[in-house]
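Below, each chain spelled out in residue letters.
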Amino acid sequence: MSDPRPVLVVNAGSSSLKYQVLDADTGITAATGLVERIGGPGRLRHTTQGESHEQDVTCRDHTEALDAARAALREHGPDLGGLGLFAVGHRVVHGGPDFTHPVVIDDDVVSAIRALVPLAPLHNPGNLEGIRGARAAFPDVPQVAVFDTAFHQTLAPEAYTYAVPAPWREHHRVRRYGFHGTSHRYVSGRTAELLGLAPEECNVIVLHLGNGASACAVRGGRSVDTSMGISPLEGLVMGTRSGDVDPALGAYLGRVAGLDATAYDEALNKASGLKGLAGVSDLREVEDRRAAGDADAMLAFDVMVHRLRKYVGAYAVLLGRVDAIAFTGGIGENSSAVRSAVLSGLEVLGVELDPGANDCRGIERRVTTAQSRVAAWVVPTDEELEIARACLALLG
C-alpha cells in the first residue's frame, strides 16, 4: 500500500473559507470545515469522523480564518502538524486565457492571478487571500492552484470567441471562459465510469445546478462548450443571476430608467434569476410555493426549466452523440422535480425517465429506464477530491 497523501483543500470566498483534509490516493476525507463571515464576528463549523463541532470565531482576514481552522483540526483532528501534508490545493475561480492546467504556486503565479482580478472581481481577491494565508501557515508545503476555468481551455475558437470588436478581444481578453470546470471534469469522468466507458470514449452533458448553475458539453473527456461566459452571469437561470439576456438591455434601461452600469451589473447578478421572478432565490421555497399554486413561483420554475432544455438540445446537436446527461450540484442532486421537468421534455433525444428511480435526493443513481437511448444520472460532485487528485498528478 502506498504512503498516505494528505491534502488540505482550501476554497476561499470573499468572506468565507471552506476547507477539507483528504487523502489524494484513496479519496477518504478526514475532516471538513467552514469559517463564515470573515471580517467580523463569525462562525466555524468543523466535521470529523461523523461528529460536528461549532463555535463562534472572530477573524479579521483569511489568515486568521485559516488559524481558526488549524486550531479546530488540532482539537478535533486530524492535527495537521503531525499529518505530514503532501500539498495544499486551492480553488481559484478565474485563470484567464493562460492557465490551462493546475500549477504550483510561486510569486509569479500569485502576480498572474492578481492581474486577473478585473475578470473576476468577486472571486479572485478571496482566492488570493486564502493562498496568502496558506503560504504563511505552511511555508514548506507545496501549494497548488486549480482553476475553475482551466477545464474549458479546450474550447475551439468558434466556441469561445465573441463576435465583438478586435480591440476588446485582443487588449481586454474578452472571450468565453466558463466556470465550474473542476466540477464538470469530475462529474463527466465519474459518469463515464458509471457507464463502463473510458472518459475519451464518452460524450456527456453535465448540468451543474445550484445557486450558480452551468451546463457543459463534454466530448471524450474534453469541454467543447459551456454556458457561462466571460463571467459566471451568462447562461442558465440561477438563484440570483439572470443568465442570458438581450445585450441591448443595459443600454435600454440606461435610457428609460437612468440605470448606470454598476447598478445594472448588481441587479443582474444579485436581484435576478429565481429571486427576480419569484422573490426568493432558494429553489426549495420556489417549489413549495409552486406546489401551492403561486403564479410567480410557477413561472420561475418554468423559465428555469425552459432554459435548461434549450441548452441540452443545443449541446446534443453539437456533440452529435450523447451517452449521458448528468445532474449535479445542490439542485441537480436533490430536486427530483427539476430533473423530471427537464428530462420529460427530452423524448425527442430518446430520453425515457424512470419516475421511481428519479424519486431520490443526494445519491448516485441512474434516473432513466434501461431502454432509454440516453442515460441520465445523478452524480454528486466532489470538487475537493478533484483538486486533491490534481495535486497528486502535478506533484507525483
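Residues numbered from 1 in each chain as written. Predicted model: local features only at pLDDT ≥ 70, side-chain atom pairs only at ≥ 80, totals over all residues. Heavy atoms only, no water.

**Some remarks on the pattern of salt bridges**
Step number 1: Taken as a whole, this structure holds 16 salt bridges when the rule is applied.
Step number 2: Between R45 and E54 there is a salt bridge, and its shortest N-O distance comes to 3.6 Å.
Step number 3: The exposure class of R45 is partly exposed, given its relative accessible area of 33%.
Step number 4: What makes E54 partly exposed here is its relative accessible area of 48%.
Step number 5: A salt bridge links D148 to R91; its shortest N-O distance comes to 2.6 Å. Placement of the pair is D148 in the loop between β8 (143-147) and α5 (157-160) and R91 in strand β6 (residues 87-92), with a sequence separation of 57 residues. (Salt bridge = Lys/Arg side-chain N within 4 Å of Asp/Glu carboxyl O. Buried < 20%, exposed > 50% of the residue type's maximum accessible area, 1.4 Å probe, protein only. Helix = DSSP H or I, 4+ residues; strand = E, 2+ residues; numbered from the N terminus.)

**Looking at the pairing of strand β1 (residues 6-12)**
Step number 1: Of all seven residues that make up β1, seven are buried, and the element is covered over most of its length.
Step number 2: Of the two faces of β1, the one holding P6, L8, V10 and A12 and the one holding V7, V9 and N11 are both buried throughout.
Step number 3: The pairing of β1 with strand β2 (residues 17-23) spans seven bridges and is antiparallel. By the bridge assignment, N11 is partnered in β2 with K18. (Pairing = 2+ DSSP bridges.)

**A closer look at empty space enclosed by the protein**
Step number 1: Under the counting rule described, the total for this entry stands at one cavity of 30 Å³ or more.
Step number 2: Computed from the structure, the largest cavity encloses a volume of approximately 70 Å³.
Step number 3: Around the largest cavity, the lining residues are L209, G210, A213, L236, V237, M238, G239, L274, M304, L308, I331 and V338.
Step number 4: Counted by class, the lining of the largest cavity contains 10 nonpolar, two polar and no charged residues. (1 Å grid on protein atoms, 1.4 Å probe; cavity = no way out; pocket = protein on both sides within 12 Å on 5 of 7 lines; lining within 4 Å. Points joined across faces, edges and corners; volume = space filled by probe spheres on them. Nonpolar A, V, L, I, M, F, W, Y, C, P; charged D, E, K, R; others polar.)

**Let's talk about the UniProt feature "binding site: Mg(2+)" (unreviewed entry) in the chain**
Step number 1: Here the UniProt feature "binding site: Mg(2+)" (unreviewed entry) sits at N11 and E383. Across 373 residues of sequence, these annotated residues stay compact in space, with a maximum C-alpha separation of 10.0 Å.
Step number 2: Among the residues examined, N11 registers a relative accessible area of 16% and is labelled buried.
Step number 3: Other than its neighbours up to four places away in sequence, N11 contacts S16, L17, K18 and R91.
Step number 4: Tracing the backbone shows E383 in helix α16 (residues 383-395). (UniProt positions renumbered as here; feature names shortened; annotations may be inferred. Contact = heavy atoms within 4.5 Å.)

**Description of the sheet that holds β6**
Step number 1: Strand order across the open sheet formed by eight strands is β5-β4-β3-β2-β1-β6-β8-β7, with mixed pairing between neighbours. Because the sheet does not close on itself, it has two edges, and the strands there are β5 (51-58) and β7 (103-104).
Step number 2: With six bridges connecting them, β2 and strand β3 (residues 29-36) associate as antiparallel partners. Within the sheet, the bridge partner assigned to Y19 lies in β3 and is G33.
Step number 3: With respect to the sheet, α16 is in contact with β1, β2, β6, β7 and β8, its orientation differing from that of β6 by roughly 125°. (Axes fitted to C-alpha atoms, helices over the stretch in contact; angles between N-to-C directions.)

**Here's the deal with the nonpolar core**
Step number 1: I205, L207, L209, I325, V338 and L343 are the most contacted members of the largest nonpolar core, which has 45 residues in total.
Step number 2: Those elements that place two or more of their residues in this core are β9 (203-209), β10 (213-219), α10 (273-278), α11 (283-291), α12 (295-319), β12 (324-328), α14 (336-343) and β14 (375-378).
Step number 3: In terms of residue count, the dominant contributor to this core is α12 (11 residues).
Step number 4: Apart from residues lying up to four places away in sequence, I325 is in contact with I205, L207, V312, L343, L346, V351, V374, A375, A376 and W377. (Core = buried A, V, L, I, M, F, W, Y, C linked by side-chain atoms within 4.5 Å.)

**Focus on the sheet that holds β12**
Step number 1: A sheet is described by the order of its strands in space; here six strands give the open sequence β11-β10-β9-β12-β14-β13, paired in mixed fashion. At either margin of the open sheet sits one strand with a lone partner, and together these are β11 (222-226) and β13 (365-366).
Step number 2: As paired elements, β12 and β14 share four bridges and run parallel to each other. When the bridges of β14 are listed, A324 appears paired with A375.
Step number 3: Lying on the sheet, α14 is in contact with β9, β12 and β14; it crosses β12 at an angle near 155°.

**Quick word on the environment of C391**
Step number 1: Within the fold, C391 resides in helix α16.
Step number 2: Overall, the relative accessible area of 0% leaves C391 in the buried class.
Step number 3: Put simply, C391 and T226 are 165 residues apart on the chain and 25 Å apart in space, counted from C-alpha to C-alpha.
Step number 4: With residues up to four places along the chain from it excluded, the contact list for C391 reads V7, F86, A87, V88, G89, V144 and G396.

**Quick look at the domain arrangement of the chain**
Step number 1: With domains assigned, the chain is organised as domain 1 (6-147) and domain 2 (181-383).
Step number 2: Between the C-alpha centres of domain 1 and domain 2 there is a distance of 28 Å.
Step number 3: In this assembly, six residues from domain 1 lie in contact with five residues from domain 2.
Step number 4: Taking both partners together, domain 1 and domain 2 bury about 450 Å²; carbon and sulfur atoms supply 49% of that area.
Step number 5: On the domain 1 side of the interface with domain 2, the three residues burying the most area are L119, L122 and H123, jointly 46% of the side's total.
Step number 6: Inspection of the domain 1/domain 2 interface yields zero salt bridges.
Step number 7: The interface formed by domain 1 and domain 2 contains one residue pair in polar contact (both at pLDDT 80 or more). (Domains from an automatic or database assignment. Buried area = accessible area lost by both parts, 1.4 Å probe. Polar contact = N/O pair within 3.5 Å; in protein donor to acceptor, adjacent residues only side chain to side chain.)

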